[in-house]
Amino acid sequence: MHNHAMVELTDIDKIYRMGRVDVPALRGITLSIARGEMLAIIGASGSGKSTLMNIVGCLDKPTSGKYLLEGADVSRLNDNRLAELRNKRLGFVFQTYNLLPRATAMANVELPLVYSGILQKRKRALEALERVGLARRANHKPTELSGGEQQRVAIARALINNPALIMADEPTGNLDSVSASGIIALFQKLNADGITIILVTHEIEIARQTQRIIRLSDGRLVSDEKVKS
Ligand SMILES: Nc1ncnc2c1ncn2[C@@H]1O[C@H](COP(=O)(O)OP(=O)(O)O)[C@@H](O)[C@H]1O
Ligand SMILES: [Mg+2]
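Remember, it's a predicted structure, so these values are computed and weren't measured experimentally.

## Regarding the site of ligand 1
In the vicinity of ligand 1, the contacting residues are Tyr16, Met18, Ala25, Ala44, Ser45, Gly46, Ser47, Gly48, Lys49, Ser50 and Thr51. Gly46 places a main-chain nitrogen or oxygen 2.7 Å from an oxygen atom of ligand 1. Contact with the protein chains covers 63% of the free accessible surface of ligand 1, which is 560 Å². If you list the elements that add at least two residues to the shell around ligand 1, you get strand E1 (7-18) and helix H1 (49-56). In terms of residue class, the shell around ligand 1 is built from four nonpolar, six polar and one charged.

## Let's talk about the packing of helix H5 (residues 147-159) against helix H6 (residues 177-192)
At a minimum axis separation of 9 Å, H5 and H6 run at an interaxial angle of 20 degrees. Taken together, H5 and H6 sit at an angle that is classed as roughly parallel. Of the two elements, H5 crosses H6, and the hand of that crossing is right-handed. Contact with H5, carried on its side by Gly148, Gln151, Arg152, Ile155 and Leu159, involves Ser179, Gly182, Ile183, Leu186, Phe187 and Leu190 of H6 and no other residues of that element. Of the residues that constitute the contact of H5 with H6, the class distribution is six nonpolar, four polar and one charged.

## Thoughts on the packing of aromatic side chains
Think of a pair of aromatic rings as described by two things: how far the centres are apart, and how the planes are tilted against each other in angle. Across all of its chains, the model carries one aromatic pair by this definition. Ring geometry for Phe92 against Phe94: centres 6.3 Å apart, planes inclined by 5 degrees, an arrangement best described as stacked. Residue class for Phe92 comes out buried when judged on its relative accessible area of 17%.

## A short note on the layout of surface pockets
Estimates place the volume of the largest pocket at around 300 Å³. Around the largest pocket, the lining comprises 13 residues; the ones closest to its centre are Asn87, Leu90, Phe92, Pro112 and Arg157. Every element with two or more residues in the lining of the largest pocket is listed here: helix H2 (79-89), strand E6 (90-94) and H5. Of the residues forming the lining of the largest pocket, the biggest block, four residues, is contributed by E6. Taken together, the residues that form the lining of the largest pocket break down as seven nonpolar, four polar and two charged.

## Remarks on unusual backbone geometry
Although it is not a glycine, Asn98 sits at a positive phi angle of roughly 55 degrees. Judged by its relative accessible area of 40%, Asn98 is partly exposed. At Glu170, a residue that is not glycine, the phi angle is positive and equals roughly 50 degrees. If you trace the backbone, Glu170 turns up in the loop between strand E7 (165-169) and H6. Look at Glu170 and you get buried, because its relative accessible area is 11%.

## Quick look at the sheet that holds strand E4 (residues 64-69)
As summarised here, the arrangement of the four strands in space is E2-E1-E4-E5, forming an open sheet in which the pairing is antiparallel. With partners counted over all chains shown, the strands left at the sheet margins are strand E2 (21-33) and strand E5 (72-73), one partner each. In this structure, E1 lies alongside E2, joined through nine bridges in antiparallel fashion. The partner of Ile15 across the bridge, within E2, is Pro24. Packing of H1 onto the sheet brings it into contact with E1, E2 and E4, and relative to E1 it is tilted by some 120 degrees.

## Digging into empty space enclosed by the protein
Here the structure, examined in full by the defined rule, presents one cavity of 30 Å³ or more. Roughly 50 Å³ of internal volume is contained in the largest cavity. As for the largest cavity, its lining consists of Met53, Asn54, Leu59, Phe92, Val93, Phe94, Met167 and Asp169. Considering each element in turn, the lining of the largest cavity owes the most residues, three residues, to E6. Looking at the lining of the largest cavity residue by residue, the classes come out as six nonpolar, one polar and one charged.

## Quick notes on the side chain of Lys14
The topology assignment puts Lys14 in strand E1. Among the polar contacts made by the side chain of Lys14, one reaches the side chain of Asp60 at a distance of 3.2 Å. For Lys14, the side chain forms a polar contact with the main-chain oxygen of Lys61, separated by 2.9 Å. When residues no more than four places from it in sequence are discounted, the contact partners of Lys14 are Val23, Pro24, Ala25, Leu26, Thr51, Ile55, Asp60, Lys61, Pro62 and Thr63.

Cut-off values and rules
- Residues numbered from 1 in each chain as written.
- Chains lettered and ligands numbered in written order.
- Predicted model: local features only at pLDDT ≥ 70, side-chain atom pairs only at ≥ 80, totals over all residues.
- Heavy atoms only, no water.
- Near = heavy atom within 4 Å.
- Polar contact = N/O pair within 3.5 Å; in protein donor to acceptor, adjacent residues only side chain to side chain.
- Areas by Shrake-Rupley, 256 points an atom, 1.4 Å probe, with all protein chains shown as cover.
- Helix = DSSP H or I, 4+ residues; strand = E, 2+ residues; numbered from the N terminus.
- Nonpolar A, V, L, I, M, F, W, Y, C, P; charged D, E, K, R; others polar.
- Axes fitted to C-alpha atoms, helices over the stretch in contact; angles between N-to-C directions.
- Parallel < 35°, antiparallel > 145°, perpendicular 65-115°, else oblique.
- Left-handed = near helix turned anticlockwise from the far one by under 90°.
- Contact = heavy atoms within 4.5 Å.
- Phe/Tyr/Trp six-rings, centres within 6.5 Å; stacked < 30°, edge-to-face > 60°.
- Buried < 20%, exposed > 50% of the residue type's maximum accessible area, 1.4 Å probe, protein only.
- 1 Å grid on protein atoms, 1.4 Å probe; cavity = no way out; pocket = protein on both sides within 12 Å on 5 of 7 lines; lining within 4 Å.
- Points joined across faces, edges and corners; volume = space filled by probe spheres on them.
- Pairing = 2+ DSSP bridges.

This is the structure in structure tokens:
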């Protein structure tokens, strides 16, 4: 199983049907991502970055084409199996953090741990918060945290089930440049720990801090380049 690519997309199309109008969001995307890579997906607004992330994250299905996640054909999995895969193997980070506003950092991070006991949840949430450098903020609510800190809480939540792959869609889009650098450094550390990281961004400076840059334009993959270190 560990010989498989993390992600293997072959000729993926995604067409949104809006009434009678077809909106092609992805066209013929073929892409292989190895275990342990850290890469960026860049492209103008509307180029298909989020659509591609949603498909890779099994939040949405392609209109056509083949998707293997760790060797498993995603189109053959039922909804329960897909939900389990998302929960156990994948972590998601969004531009707007998506934290529960009235819950503490700890409670937010515990959220994906549906079936663990209270003590186990506490322990693992604290470990995840430690990993992102926020253990001292465990009892703070989102409004009591800076943007960068809120994003760290969201990353801790994404880490709680030890995912193989983290997908981050414009994770620094709402942050000042200093906080953004801290978040990218954190992703680099997690990648060094073995987690595959896919970062969506429209900022080339952010993309250059990964190992590989994939560019989308109008739903097509138009370039795929290694970053010179
Ligand atoms: N849920 C949707 N329904 C219809 N069209 C959509 C939907 N989501 C995205 N699109 C369209 O698909 C294209 C790609 O969008 P998106 O993947 O969000 O691009 P990006 O993340 O690069 O800004 C755009 O033309 C967008 O309007
Ligand atoms: Mg987007």
